[in-house]
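# Fold and contact review
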Amino acid sequence: MKSTLSIVALFMSSLFFSACEQEVQLDLNAAEPELVVEGYLIDTDFYIPDQDLDCYGISTFTRDTIVLLSELVKNFLPISDVEAKADYFPFNKVKLSLSVPYYTQGMPDAVSDAVVKLFENDSLVELLTEDANNKGVYRINHNPVVGSYYHLEIEANGNAYSTEPELYQDVPPILFAQAVYQKSPFSDTMIYTSGISTFEKPGKGDYYRWFFYLNNEFKSASEFMVTSPDDGIDGSCLINFDFYRRRLEPNDTLVIFQMRTSEQYYNYVNTIIGLLSVGSPFDTPPAPIPTNVYNNTLDKKAFGFFAVGGLSANAVVVPDTLK
Amino acid sequence: MKPLHGLLLFLFVSTNLFAQKFTISGYVKDKETGEGMIAATVLVKELKQGTTTNEYGFYSLSLEQGRYTIEWSFIGFQTVSEVIDLNKNFTRTIELGFGENLLGEVVVTGEREDANVTSTEIGVNKIDIELVKKIPQLLGEADIIRSILLLPGVTTVGEGASGFNVRGGNIDQNLILLDESPVFSSSHLFGFFSVFNADAIKDTKLYKGGIPAKYGGRLSSVLDIRQRDGNAKKFSARGGVGLLFSRLTVEGPLVKDKVSFLIAGRRSYFDLFFPISKNAAINTSKLYFYDLNGKINWTINDKNRVYLSGYSGNDIFGFSDLFNTQWGNNTASARWNHLFNDKLFANFTGIYSQYSYALGTDFGALGFDWRAKIINYTAKADFTYYLNPKNTLEFGWHNTYYQFSPGSATGYFAVGDNNDTVTFKVPDIPAIETAFYVSNEQKIGARINLSYGVRYSGFAQTGPGKVYLYPNNIPVSDNPLVSVKPNDSIQYSNSDIVKLYHGIEPRFAGTYIINEESSVKLGYNRMRQYIHLISNTTAATPVDIYMPAGKYIKPAIVDQVSMGYFKNFFTNKYEGSAEVYFKKFKDIVDYKDRAELLLNNTIETELYSGIGRAYGLELQIKKNKGKLTGWVSYTLSRAERKVEQINQGNWYLANWNKTHDISVVASYDITKKLNISSNFAYMSSRPISFPDGMAYIENKYIPIYNRRNDDETPAYHRLDLSGNYSFDLKKKREGIDIKTKSWRENTSLDLAFGAYNVYARKNPYSIYFREDPDNPGVMKSYQLSIYATVIPYITLNFKF
């Protein structure tokens with residue numbers, strides 16, 4: 001439904017033909033710097049159904065096929081390749097920085113020399129070490145266990161922080177990913193789009209996020225922060241579904257990561273999407289970014305999120321010419 | 001003693017204090033058109049007492065036997081006077097002709113000159129349609145809603161925003177009635193134009209305070225709009241041709257003086273320019289609105305009249321074949337006026353009103369079709385009993401059946417090479433609202449006029465339907481990261497009542513007349529509102545929905561006290577008023593941060609409940625006579641809310657709070673043919689939230705907000721100018737034949753021209769914060785202005 005609302009907002013905004021946007025300089029308050037946590041604990045734990053999946057009577061994913069494809073995906077996941085080449089790769093890392101006054105230019109101050117501890121079901125399982133080449137980035141090496149809860153405890157800049165425990169859950173794998181050659185919805189021309197085939201785990205209350213890397217470049221704009229609950233698709237097959245929603249060019253390689261997340265993370269990301277998708281008369285009022293990070297020393301909320309979840313990936317490779 | 005018992009006893013005593021003998025009653029009509037005149041004065045000169053006609057032009061006066069001089073008058077029309085020996089009941093229907101000697105010098109307000117001083121009405125503004133047509137308007141279209149925004153106590157969140165805010169109330173707190181049918185959306189094109197065609201409107205009145213007991217269901221105001229009946233004497237037409245839309249009204253008698261009709265229509269034609277575009281997507285797009293007003297009135301006999309009214313308005317927008325949306329109001333009402341006797345006037349009404357929207361795309365796997373609507377059927381009976389010249393009793397019963405359809409969406413999902421659909425529907429919610437009321441307008445001596453009454457209203461959300469149950473019966477979470485999940489549900493059947501609310505709504509307005517030119521007034525009203533607009537966007541959108549009070553959403557209640565001093569100067573040439581008000585709201589709805597309100601069948605998990613207060617001072621000085629007419633108004637006000645989960649439970653400003661609001665409206669008749677007019681509007685800043693920092697997340701900066709509505713936009717101001725030139729078609733020419741002369745005699749042609757936002761002020765609609773698209777990593781702030789430039793217009797208006 002988020003996509004629906006985006007389309008509505010887009011078209012409504014286009015009506016305001018006499019509207020004008022101009023830059024203004026404002027005298028804004030500046031809050032004290034506070035810790036921003038961006039952490040992801042992931043692994044390739046896939047959900048495999050107990051039986052064959054009937055896809056609307058049109059197709060069937062047999063369990064054996066799912067197991068086979070899952071193994072292929074797991075063994076040929078382009079994770080390390082993307083990590084090596086991409087400018088941004090957040091998984092199995094905790095990145096610490098400080099908030100800055102609005103209008104600040106340049107990168108924020110990284111929080112170095114922090115003590116970052118990873119807990120599994122309240123037991124310390126890893127003391128994270130800071131990446132020597134990336135100040136403020138702490139690597140996670142621990143392999144999470146499906147059904148366990150994870151949280152961080154951080155000591156930084158004289159303050160003690162903790163995150164709310166997050167449940168680690170397996171993720172349905174992306175079984176296929178392919179370039180789909182079809183008519184553009186905006187014109188009569190034929191274009192390539194992405195299509196992934198996967199399925200949703202039966203049982204309501206699941207949430208997902210997709211990350212996109214186009215030719216090893218992370219797509220960071222808000223329109224590429226795609227999330228969804230399982231409302232309306234609970235337990236369904238998704239065949240050739242286009243979450244990326246943009247045309248692809250010949251020779252493009254689009255790597256799609258599918259992560260199973262929590263409701264908390266889903267709401268956190270959607271708030272950020274809302275804060276970035278502004279400029280329409282029909283905007284909703286801006287809201288504080290919800291967080292699961294707490295400053296225990298000052299007894300107040302910090303910023304950011306520590307997320308955990310199973311991660312699947314697959315790549316769409318577009319042929320070098322149009323058909 | 002309970003209040004109702006006390007009121008009935010008071011009325012009983014009042015009834016017996018004044019023994020009536022005979023009654024003179026009838027209608028006051030416009031001689032030219034045969035239309036009933038609202039608020040025309042009927043004066044008994046010997047007694048210096050009188051009455052005014054009601055919404056249908058009816059009056060009734062009961063007097064002791066005697067010889068009286070009766071005067072029927074209406075400002076701008078010639079007064080009719082007659083000496084009557086009142087020794088039996090009389091029926092007198094009077095037709096008033098236009099006062100030609102006053103032409104060009106008077107703005108017809110309809111009310112007697114000192115009505116603002118003597119009446120019990122406090123916080124009430126009559127909107128003069130003739131003045132609305134003269135003052136500058138966006139693209140030259142006479143706009144009732146934009147004109148209302150120039151009145152004290154009425155604001156909007158911004159230019160182009162749908163609806164209006166009255167005395168600190170939200171836009172859904174205004175009951176907008178068109179020939180008694182409720183209109184849910186008052187704007188075309190997202191708020192650019194109102195849905196009311198001024199050519200079809202006879203009378204408009206805005207009640208901001210001291211709201212009579214016959215009105216209910218909204219907290220903050222009643223906008224009562226009456227359509228013209230149609231000319232019962234002769235056929236005529238009027239209209240206008242503008243650059244972007246045109247209108248035409250045709251009216252006339254079907255049976256002279258018995259049955260008349262009126263049909264009025266408008267259509268915009270922005271879309272006619274689209275085919276010029278070379279862009280295939282644009283030249284196949286559509287964007288227009290239309291509305292149609294229709295009315296038939298049938299005078300069956302002296303005691304029975306029937307009115308059939310209808311309105312249909314729609315906005316249609318389609319982007320190529322990909323995206324289509326439509327929204328609009330449809331209303332219909334049938335009214336039967338019946339005189340049981342000379343003193344008892346009754347109006348029985350049946351109403352149908354619907355607001356609906358639909359939108360959809362054909363984006364293949366992302367396609368959807370989405371629809372929602374609210375329908376209501378109303379039956380009501382309103383009675384006016386003219387006890388005597390000092391007491392007029394009103395009572396009645398209203399009953400409304402609602403059908404809320406909050407939304408259904410059908411999504412198209414690709415499955416292999418085939419498409420399949422998934423439909424998600426928020427279940428329909430039926431509800432019934434009933435109200436009884438009784439009120440009396442009483443004159444005590446020469447100096448005190450009172451209007452008092454009670455309304456007792458009830459509202460029941462009924463089955464069939466499913467209601468979710470939540471842990472501890474609390475559906476909303478204080479934690480913005482999680483929502484409360486239902487742990488059970490109850491299925492209600494057709495005859496079940498899900499939740500019932502009811503309560504008393506006392507109303508009072510009193511005037512103490514200090515002298516012929518000044519008075520002080522006091523008003524109090526309690527209003528209950530059982531339906532809520534569910535919207536958390538800066539401006540309401542066509543896809544917002546109404547939801548009824550139910551198990552979790554309580555009806556909102558407001559108590560308003562207002563006081564005013566009214567003073568006329570120079571024999572009523574100038575009207576001055578100063579009013580103060582205080583409103584206390586209870587159980588108003590506000591929203592969680594980033595609430596998801598659309599297609600949500602557990603919407604109660606997104607809503608907070610709180611209290612509110614609004615208070616202010618309204619000053620106005622108005623000039624009604626002479627070549628220069630208009631008004632200057634100033635409002636100092638504050639609208640605040642308090643919700644436990646927002647801003648740590650402290651008071652915060654409502655989105656529509658405008659501390660200072662100044663309007664200057666002036667219209668000057670240079671000659672009988674040329675008029676110039678201007679508006680100036682100033683509104684101080686609107687509450688908004690600014691960030692106080694940024695967090696770097698996912699390779700981009702995200703603004704950090706901490707408190708709701710703690711900052712302010714820059715102020716708003718605007719100047720509009722207009723001119724109106726009437727062509728002299730009666731000028732004699734050589735060789736003109738009789739037929740042509742006759743045609744010219746009955747035709748008028750006016751050229752309206754002007755400019756909106758003359759000095760091209762870029763008024764702030766909103767301010768937002770985001771990365772500079774041309775400089776990634778650089779965060780900036782931007783102001784959005786809706787009308788950022790001067791907008792000229794020219795329209796040719798005709799009447800024949």
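Details of the structure are given in the entry above.
In this report, we go over the structure that sits alongside the text. Because the structure is predicted, anything quoted here is derived from the model rather than measured.

### Quick word on the overall build of chain A
Of regular secondary structure, chain A possesses four helices and 22 strands. In terms of overall dimensions, chain A is globule-like: its C-alpha atoms have a radius of gyration of 21 Å, near the 20 Å expected for 323 residues. With the C-alpha coordinates aligned to their principal axes, the bounding extent of chain A is approximately 60 × 60 × 35 Å. Counting the 323 residues in chain A, one finds 55% classified as buried. Within chain A, residue pairs in contact and separated by at least 24 positions form 72% of the contacts whose partners lie at least 6 positions apart. If you average the places of the 21 positive and of the 43 negative side-chain charges in chain A, the two averages end up 4 Å apart.

### Overview of empty space enclosed by the protein
All names here are of chain B. All chains considered together, the criterion is met by 19 cavities of 30 Å³ or more. The computed volume of the largest cavity comes to approximately 490 Å³. Taken together, 34 residues line the largest cavity, and the ones lying closest to its centre are Leu177, Lys214, Tyr215, Lys380 and His398. Looking at the lining of the largest cavity, the elements that each hand over two or more residues are strand 12 (174–178), strand 17 (221–227), strand 24 (344–361), strand 25 (368–388), strand 26 (391–415) and strand 28 (429–444). Take the lining of the largest cavity: its biggest share by element is six residues, from strand 25. Grouping the amino acids of the lining of the largest cavity by side-chain chemistry returns twelve nonpolar, eleven polar and eleven charged.

### Remarks on the state of the cysteines
Residues and elements named next belong to chain A. Applying the stated criterion across every chain, the model contains one disulfide over all chains. A disulfide bridge connects cysteine 55 with cysteine 237, and the sulfur atoms are separated by 2.0 Å. Taking the sign of the S-S torsion, about -75° here, the bridge from cysteine 55 to cysteine 237 comes out left-handed. Placement of the pair is cysteine 55 in strand 3 (residues 53–55) and cysteine 237 in strand 18 (residues 237–241), with a sequence separation of 182 residues. The exposure classification of cysteine 55 matches that of cysteine 237, with both residues buried.

### Some thoughts on the interface of chain A and chain B
In this complex, chain A contributes 89 residues to the contact, which on the side of chain B involves 74 residues. For the pair chain A and chain B, the two sides together bury roughly 7700 Å², of which 67% comes from carbon and sulfur. Between chain A and chain B we count four salt bridges in total. The partner of lysine 485 of chain B in a salt bridge is glutamate 263 of chain A, and the shortest N-O contact between them spans 2.7 Å. Linking chain A with chain B are 21 residue pairs in polar contact (both at pLDDT 80 or more), by the criterion used here. Only helix 1 (2–14), strand 1 (20–24), strand 2 (35–43), strand 5 (93–98), strand 15 (207–214), strand 18, helix 4 (263–276) and strand 22 (303–317) of chain A provide two or more residues apiece to the side of chain A that touches chain B.

### Describing the sheet that holds strand 16 (residues 201–207) of chain B
Within a sheet, each strand pairs with its neighbour through backbone hydrogen bonds, oriented either parallel or antiparallel. All names here are of chain B. Spatially, 9-16-17-12-13 is the arrangement adopted by the five strands of the open sheet, whose pairing is mixed. Each edge of the open sheet is held by one strand with a lone partner, namely strand 9 (124–127) and strand 13 (181–182). Inspection of the sheet shows strand 9 paired to strand 16 by four bridges, in the antiparallel sense. Within strand 16, the position partnered with isoleucine 127 by the bridge is threonine 204.

### What to know about helix 2 (residues 63–76) of chain A
Residue and element names in this part refer to chain A. An ideal rise of 1.5 Å per residue puts 20 Å on 14 residues; helix 2 measures up with 20 Å between its terminal C-alpha atoms. Taken together, the buried positions of helix 2 are occupied by Ile66, Leu69, Ser70 and Val73. Looking down the long axis of helix 2, one finds its buried residues gathered within 110° of arc, a one-sided arrangement. Projecting away from the buried face of helix 2 at angles above 90 degrees are the exposed residues Asp64, Leu68, Asn75 and Phe76. In this fold, the buried residues of helix 2 make contact with strand 3, strand 4 (59–61), strand 13 (176–183), strand 14 (190–199) and strand 22.

Basis of the calculations
- Residues numbered from 1 in each chain as written.
- Chains lettered and ligands numbered in written order.
- Predicted model: local features only at pLDDT ≥ 70, side-chain atom pairs only at ≥ 80, totals over all residues.
- Heavy atoms only, no water.
- Helix = DSSP H or I, 4+ residues; strand = E, 2+ residues; numbered from the N terminus.
- Rg over C-alpha atoms; globule rule 2.2 N^0.38 Å.
- Buried < 20%, exposed > 50% of the residue type's maximum accessible area, 1.4 Å probe, protein only.
- Contact = heavy atoms within 4.5 Å.
- Lys, Arg positive; Asp, Glu negative; His and termini not counted.
- Charge placed at Lys NZ, Arg CZ, Asp CG, Glu CD.
- 1 Å grid on protein atoms, 1.4 Å probe; cavity = no way out; pocket = protein on both sides within 12 Å on 5 of 7 lines; lining within 4 Å.
- Points joined across faces, edges and corners; volume = space filled by probe spheres on them.
- Nonpolar A, V, L, I, M, F, W, Y, C, P; charged D, E, K, R; others polar.
- Disulfide = S-S within 2.5 Å.
- Buried area = accessible area lost by both parts, 1.4 Å probe.
- Salt bridge = Lys/Arg side-chain N within 4 Å of Asp/Glu carboxyl O.
- Polar contact = N/O pair within 3.5 Å; in protein donor to acceptor, adjacent residues only side chain to side chain.
- Pairing = 2+ DSSP bridges.
- Expected span 1.5 Å × (residues − 1).
- Arc of directions from axis to C-beta.

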